[in-house]
Amino acid sequence: MDLKYTPAELSFQEEVRKFLAENLPERLSKKVAAGSHLSKEEHEEWHAIVNRKGWLATHWPVEYGGTGWSAIQRFIFEHECALANAPRIIPFGLSMLAPVIIKYGTEAQKKHWLPRLLEGKDWWSQGYSEPNSGSDLASVRTTAIRDGDDYIVNGQKTWTTQGHFSNMMFCLVRTDPDAKKQKGISFLLIDLTSPGVEMRPIITLDGEHEVNEVFFTDVRVPRSNLVGEEDKGWDCAKYLLTYERTGVAGVGHACALLERVKRAAGERFQAGVRLIESPSFAMRLAKVEIELEAMKTTNLRVIAAVSGGGVPGAESSMLKVKGTEIRQELTALLRAIQGPYARVIPDANADLSAPMYPGGPRNVRAGALNYLNQRKLSIYGGSNEIQRNIIAKATLGL
Ligand SMILES: Cc1cc2nc3c(=O)[nH]c(=O)nc-3n(C[C@H](O)[C@H](O)[C@H](O)COP(=O)(O)OP(=O)(O)OC[C@H]3O[C@@H](n4cnc5c(N)ncnc54)[C@H](O)[C@@H]3O)c2cc1C
């Protein structure tokens, strides 16, 4: 196994860097670097820029308008985007739903939904979790009962990320209420502008509106919005989750964050000593940097295995656990650097790019908010405890 880039991969890396240097608006990268949330319009602006280059659908085959990239090309692209503080490509429609439509959808569904995804006509959210159905996803209780050419949907979804931006949701619903667990679940596309849909915000620790709860009361959904076979939606759900965990290690984001921590710690003095030279801080920083180096290698090993036709198993769970722990530790270090200035800013209009303390570095004032926000990393996409269970079963046979 060769963990070095080939000359072709190195030249692709250069092409990505050039594209970012020429096309990424500084206004957006500054916001990303400051850890601020982007508006829907800002996300759409970046999606449109990437789409013009033909690089928006990195997971799709060329015949559907995708890049047809290899796993290593996708890694290079995501890595370089993160290092450049580019907004992330919102995954729900493009890299979670689309692969399911490509594998399980009808020709009519592919023709209808895929071009709309590229053009940004729909904003998708993921309707998997429900109150009491998170880790135990197969216990979903939202029902979809046939009525002529429609389903009538009743129930509740929760933690719906960017649901308030969305007009569409891909949903796991129970089409056979008598069937147990994984059986009797279907994969349904729901128009969130339909009568009977109600969305309520959930405000997270950092005071942001990022997630929602969504209620369905007698919502009519055409049967043509069913993807795959009725009662066989669990296959789609599992297939989609493998895409959700792809790239979850967030190596590029961690590298960008590490640089920010080092820069800030180099500028911050504590008792007359640069924080980066204080033994206790330096030890924490060195530990997380070593872990990041190890994770980079593991990540490349997994990518090399996938490129050779292998399927990542417990490795993607390992990357999820390590990757999220590293990013959480880095945001904790960033908050530690702020010292007494690490307070949550109560004013929603506060300038988050202002210095975090007099004379201090810019763009890190949002550190405390970012720290709070990033607690989610070890919960979503399958909690880290659940990932540990998967690792224990797969590698230790427990
Ligand atoms: C910010 C955020 C955004 C999210 N976005 C979305 C979204 O867009 N769409 C969506 O569908 N969902 C979303 N989720 C939901 C997320 O997938 C669930 O929160 C997650 O799967 C955990 O489920 P739960 O919250 O019901 O916790 P529970 O499953 O109730 O778990 C509670 C605790 O018990 C632990 N636990 C549970 N079972 C076991 C076990 N068998 N062994 C060991 N420990 C266990 C868990 O690790 C956790 O610590 C989001 C969550 C967050 C926090």
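Residues numbered from 1 in each chain as written. Predicted model: local features only at pLDDT ≥ 70, side-chain atom pairs only at ≥ 80, totals over all residues. Heavy atoms only, no water.

Draft legend 1. Here's a closer look at the overall build of the protein. Per the secondary structure count, the protein includes twelve helices and ten strands. Here the C-alpha radius of gyration of the protein, 22 Å, is about what a compact globule of 398 residues would show, namely 21 Å. Along the first, second and third principal axes, the C-alpha set of the protein runs to 75 × 50 × 50 Å. Counting across all 398 residues of the protein, residues that qualify as buried make up 50%. Partitioning the intrachain contacts of the protein with sequence separation of at least 6 by distance along the chain shows that 72% fall at a separation of at least 24. When the accessible surface of the protein is totalled, it reaches about 19,000 Å², and 53% of it is carbon and sulfur. Within the protein, the 47 negative side-chain charges are centred at a point lying 4 Å from the centre of the 49 positive side-chain charges. (Helix = DSSP H or I, 4+ residues; strand = E, 2+ residues; numbered from the N terminus. Rg over C-alpha atoms; globule rule 2.2 N^0.38 Å. Buried < 20%, exposed > 50% of the residue type's maximum accessible area, 1.4 Å probe, protein only. Contact = heavy atoms within 4.5 Å. Areas by Shrake-Rupley, 256 points an atom, 1.4 Å probe, with all protein chains shown as cover. Lys, Arg positive; Asp, Glu negative; His and termini not counted. Charge placed at Lys NZ, Arg CZ, Asp CG, Glu CD.)

Draft legend 2. A look at the nonpolar core. By size, the foremost hydrophobic cluster in this structure holds 77 residues, and its most contacted members are Phe170, Phe187 and Leu189. Counting residues in hydrophobic clusters, the runner-up holds 15 residues, among them Ala144, Met169, Val173 and Leu188. (Core = buried A, V, L, I, M, F, W, Y, C linked by side-chain atoms within 4.5 Å.)

Draft legend 3. Summary view of the packing of aromatic side chains. All told, the structure shown has twelve aromatic pairs when counted by the stated rule. A centroid spacing of 6.1 Å and a plane angle of 55° characterise the contact between Phe12 and Trp55, whose relative ring orientation is tilted. One end of the pair, Phe12, is in helix α1 (residues 7-23); the other, Trp55, is in the loop between α3 (40-53) and α4 (71-83), with 43 residues separating them in the sequence. The same class applies to Phe12 as to Trp55, namely buried. In this structure an aromatic cluster arises from ring pairing among Phe12, Phe19, Trp46, Trp55, Trp69 and Phe77. Cation over ring: Lys103 sits above Tyr104, and NZ or CZ is 5.5 Å from the ring centre. Just above the ring of Tyr371 sits the side chain of Arg375; from NZ or CZ to the centre is 4.0 Å. (Phe/Tyr/Trp six-rings, centres within 6.5 Å; stacked < 30°, edge-to-face > 60°. Lys NZ or Arg CZ within 6 Å of the ring centre and 35° of its normal.)

Draft legend 4. Representation of unusual backbone geometry within the structure. Here Asn132, not a glycine, exhibits a phi torsion of approximately 75°, which is positive. Residue Gln162 is not a glycine yet carries a positive backbone phi of 55°. Checked against the element boundaries, Gln162 lands in the loop between β3 (150-158) and β4 (168-174). Overall, Gln162 belongs to the buried group, its relative accessible area being 9%.

Draft legend 5. Focus on the pairing of strand β5 (residues 185-191). Counting buried positions along β5 gives six out of seven residues, so the element sits mostly inside the fold. Bridge count for β4 against β5 is seven bridges, and the pairing is antiparallel. If you follow Met168 over to β5, its bridge partner there is Asp191. As paired strands, β5 and strand β8 (residues 226-227) are joined by two bridges and run antiparallel to one another. When the bridges of β8 are listed, Phe187 appears paired with Val227. (Pairing = 2+ DSSP bridges.)

Draft legend 6. Fine view of the state of the cysteines. In total, this model carries zero disulfides according to the counting rule given. With no disulfide of its own, Cys171 lies closest to Cys236 among cysteine sulfurs, the gap being 13 Å. (Disulfide = S-S within 2.5 Å.)

Draft legend 7. Expanded view of the site of the ligand. By nearness alone, 16 residues border the ligand, and Ser135, Trp159, Thr161, Ser383 and Glu385 come closest of all. A distance of 2.6 Å separates an oxygen atom of the ligand from a polar atom in the side chain of Ser383. Between an oxygen atom of the ligand and a side-chain N or O atom of Glu385, the distance comes to 2.6 Å. Residue contributions to the shell around the ligand peak at three residues, all from helix α12 (residues 384-396). Residues that form the shell around the ligand fall into these classes: six nonpolar, eight polar and two charged. Taken domain by domain, the shell around the ligand gets at least three of its residues from each of domain 2 (123-231) and domain 3 (249-396). (Near = heavy atom within 4 Å. Polar contact = N/O pair within 3.5 Å; in protein donor to acceptor, adjacent residues only side chain to side chain. Nonpolar A, V, L, I, M, F, W, Y, C, P; charged D, E, K, R; others polar. Domains from an automatic or database assignment.)

Draft legend 8. Seen up close, the environment of Ile72. Relative to the helices and strands, Ile72 is located in helix α4. Apart from residues lying up to four places away in sequence, Ile72 is in contact with Tyr5, Glu9, Leu300, Ile303 and Ser307.

Draft legend 9. Representation of the environment of Ala294 within the structure. Checked against the element boundaries, Ala294 lands in helix α9 (residues 279-307). On the basis of relative accessibility, which here comes to 44%, the residue Ala294 falls in the partly exposed class. As a C-alpha pair, Ala294 and Lys322 span 28 residues in sequence and 9.7 Å in three-dimensional space.

Draft legend 10. Quick look at the pattern of salt bridges. Inspection of the entire model under this criterion finds 24 salt bridges. Where Arg220 meets Asp150, a salt bridge forms, and the shortest distance between an N and an O atom there is 2.9 Å. Separated by 70 residues along the polypeptide, Arg220 in strand β7 (residues 209-222) and Asp150 in strand β3 bring together distant segments of the chain. According to the relative accessible area criterion, Arg220 is partly exposed, its value standing at 42%. Through salt bridges that share partners, Lys287, Glu291, Lys322, Glu325 and Arg388 make up one connected network. (Salt bridge = Lys/Arg side-chain N within 4 Å of Asp/Glu carboxyl O.)

Honestly, that's just the spatial picture; any functional story needs more than this.
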